[in-house]
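# Summary of structural features
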Amino acid sequence: SRTIFSGIQPTGVPHLGNYLGALREWVKLQRDANHGDQLIYSIVDLHAITVKQEREQLAKRKKELFASLLAIGLDPKRSIIFEQSRVPEHLELMWILSCNASMGYLGRMTQWKSKLALSENASPFEASAPNKPALKLGLFSYPVLQAADILVYGTTHVPVGEDQAQHLEFARDLAAGFNHVYAPHEGVEILRSPQTILSPAKRVMSLTDPTKKMSKSDPDPRSSILITDSKEEIRKKINGAKTDSLVGISYDRERRPGVSNLIDILCYMADDNTISPETLARDMGAANVSMKALKELVADTIDVGLRDVRGRYEDIMSLPIDHLSGLSKDGKSRARTEARKMVNTVYAALGLEPGF
Ligand code: TYM
């Protein structure tokens, strides 16, 4: 049997990259789960505070995210859905892993670097300017908490987008290193090494700068489509998506990133793997489809694909808040029961069991 775990930060309603790269896979895994498989999905609020958050905003965004997860089709009866901060076992395992995590390895990871945007030769440990604050320990050790999230459930599979692949590699290395030191015999696994599941839509690009991934931290709302955007909003954003001035439609992610991203989105939304973006672009090119017509088609396809999600989201948000709180509390209890077992096992392996 499989244990599937994944997480998403509560930075508001998810965008199309989150949806195609991860969330839709979560729902598919739920649909295809066998008896005995376990699905665990977390709103990782403790990860969110590695960058500054406003208190009211964060609470609101957690609610929106919870509602979004239900709206895409996650079923709290079949999947454990919970808030990370309600399950302190993640933090307990994180500390143990921290004692075995190499600073050098963490220093080579890309995420804190991209968040800090340091100039060359500047030390990350000192503030170099008022707008360039020093690197915080939490941001630096972000991947250790992520590893704990995964390893605390004995996870076998983690469905994520490509930007998370490096973090999962780190989690596997931490698990192997831990087992090597603390398992009673060579080859015994206390912490299980998880596999990465990458969806075909592993990297959806920004609409305003198609050389960058679609990202929640992009301040420009036109750069991404939210899964709750109205037909009109989708149409406007796709219409304004950056393309190029070359004539006709063709697929070339290097030289035509904007057009190629739109073609990719069309293929991902169709989700039947029968047509490749190259073939689709070639057919459109041959049929002299204009950029305007392509954009209309992309907008319509997204609108139709997300219509049900949008409707369910509105319904869920209009329910009394107790409904969501109740579901979250239930998810927390079930998650804690699982996580506690692993923390106890790990404590015992270290000689930290209760009593003398
Ligand atoms: P987060 O919240 O940034 O993103 C959630 C999921 O969406 C995927 N994703 C994308 N996929 C394709 N194209 C894009 N443009 C795009 N943008 C985001 C991400 O890969 C991710 O799967 N560190 C994680 C959260 C996390 C986690 C975990 C994930 C914490 N603990 C344990 C898995 C397992 C993050 O910040 O995801």
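Residues numbered from 1 in each chain as written. Predicted model: local features only at pLDDT ≥ 70, side-chain atom pairs only at ≥ 80, totals over all residues. Heavy atoms only, no water.

## Thoughts on the packing of aromatic side chains
The description of an aromatic ring pair rests on the distance of the ring centres and on the angle between the ring planes. Note the following rule: Aromatic contacts are taken between Phe, Tyr and Trp rings whose centres are within 6.5 Å, Trp giving its six-membered ring; a plane angle under 30 degrees counts as stacked, one over 60 as edge-to-face, and the others as tilted. Strands here are runs of E lasting at least two residues and helices are runs of H or I lasting at least four, both read from the DSSP assignment and numbered beginning at the N terminus.
Inspection of the entire model under this criterion finds six aromatic pairs. Aromatic side chains Y105 and F170 sit 4.9 Å apart centroid to centroid with 85° between the ring planes, which places their arrangement in the edge-to-face category. Remark: F170 occurs in helix α9 (residues 165-182) and Y105 occurs in helix α5 (residues 103-107); sequence separation between them is 65 residues. Taken together, a centroid distance of 5.6 Å and an interplanar angle of 65° make the contact between W112 and F140 edge-to-face. Of this pair, W112 sits in helix α6 (residues 110-116) while F140 sits in helix α7 (residues 137-140); the two residues are 28 residues apart in sequence, bridging distant segments of the chain.

## Concerning the site of the ligand
Inclusion rule: We call a residue near a molecule or strand when any one of its heavy atoms sits within 4 Å of it. Pairs of N or O atoms are called polar contacts if they sit within 3.5 Å, as long as, within protein, a hydrogen donor faces a hydrogen acceptor (for residues adjacent in sequence, only side-chain-to-side-chain pairs). Values of accessible area rely on a 1.4 Å probe in the Shrake-Rupley scheme; residue burial ignores everything except the protein chains shown. In the scheme used here, Gly and all other residues not listed as nonpolar or charged are polar, with Ala, Val, Leu, Ile, Met, Phe, Trp, Tyr, Cys and Pro taken as nonpolar and Asp, Glu, Lys and Arg as charged.
Of all residues adjacent to the ligand, which total 28 residues, the nearest are Y142, D149, G161, D163 and V204. Separating a nitrogen atom of the ligand from a side-chain N or O atom of Q164 is a distance of 3.0 Å. One of the backbone N or O atoms of M214 is found 3.0 Å from a nitrogen atom in the ligand. Compared with its free state, where it exposes 710 Å², the ligand has 96% of that area covered by protein. A breakdown of the residues in the shell around the ligand according to their chemical character gives 11 nonpolar, 11 polar and six charged.

## Overview of the side chain of Q111
Quick note on the threshold: Think of it in three bands: with a 1.4 Å probe and only protein chains considered, a residue is buried below 20% of the maximum accessible area for its type, exposed above 50%, and partly exposed in between.
Along the chain, Q111 turns up in helix α6. When its relative accessible area of 17% is taken as the criterion, Q111 is described as buried.

## Quick look at helix α10 (residues 231-239)
Basically, it comes down to this: Throughout, the arc means the angular range of directions from the helix axis out to the C-beta atoms.
Taken together, the buried positions of α10 are occupied by I234, K237 and I238. Viewed along the axis of α10, the buried residues span an arc of 95°, placing them on a single side of the element.

## Regarding helix α12 (residues 277-286)
Note the cut-off: Only heavy atoms matter for contacts: two residues are in contact if any of them lie within 4.5 Å across the pair.
Among all positions of α12, only P277, L280, A281 and M284 are buried. Relative to the axis of α12, the buried residues are bounded by an arc of 95° and lie together on one face. Across from the buried face of α12, at angles greater than 90 degrees, the exposed residues are R282 and A286. Taken together, the buried residues of α12 touch α11 (257-270) and α13 (291-317).

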